[in-house]
Amino acid sequence: MTLDLNDIIKALSNPTRLQIMLWLKDPRVHFPTQERDPEEIGVCVSIIQEKVGLSQSTVSLYLTALQRADMVTSQR
């Protein structure tokens, strides 16, 4: 995985996206309500959306920007 510094800077320039990344660094602490281990399976978008207090579509756009910068991955 090759990280593009410009993509990373752009993705983290938004304070909410930066906050999401900080939460995802330690998901057990920041997402304790998730039933399954967040370090094993990741964090559900709906739980991130609930914590950040934004619409699901906005959170999805934010996560897409982070994914474009190769900072997060997604699975269904």
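Provided above is the structure to which this section pertains.
Report follows, based on the coordinates. (Residues numbered from 1 in each chain as written. Predicted model: local features only at pLDDT ≥ 70, side-chain atom pairs only at ≥ 80, totals over all residues. Heavy atoms only, no water.)

Structural remark: α-helix, 3.6 residues per turn; residues separated by three or four positions point the same way. In a regular helix each residue adds 1.5 Å, so 13 residues correspond to 18 Å; helix H6 (residues 56-68) covers 18 Å between its end C-alpha atoms and thus fits that length. Looking at H6, one finds that the buried residues are Val 59, Tyr 62, Leu 63, Ala 65 and Leu 66. Around the axis of H6, the buried residues are gathered within 155° of arc, so they sit on the same side. Turned more than 90 degrees away from the buried face of H6, the exposed residues are Leu 61 and Arg 68. On its buried face, H6 is in contact with helix H1 (5-12), helix H2 (15-25) and helix H5 (45-52). (Helix = DSSP H or I, 4+ residues; strand = E, 2+ residues; numbered from the N terminus. Expected span 1.5 Å × (residues − 1). Buried < 20%, exposed > 50% of the residue type's maximum accessible area, 1.4 Å probe, protein only. Arc of directions from axis to C-beta. Contact = heavy atoms within 4.5 Å.)

On to the side chain of Arg 17. By the secondary structure assignment, Arg 17 is in helix H2. The side chain of Arg 17 sits in the buried core without any salt bridge; Asp 7 is the nearest counter-charge, 10 Å away. At 2.6 Å, the side chain of Arg 17 and the backbone oxygen of Ala 11 are in polar contact. Contact partners of Arg 17, with chain neighbours within four places excluded, come to Lys 10, Ala 11, Tyr 62, Ala 65 and Leu 66. (Lys, Arg positive; Asp, Glu negative; His and termini not counted. Salt bridge = Lys/Arg side-chain N within 4 Å of Asp/Glu carboxyl O. Polar contact = N/O pair within 3.5 Å; in protein donor to acceptor, adjacent residues only side chain to side chain.)

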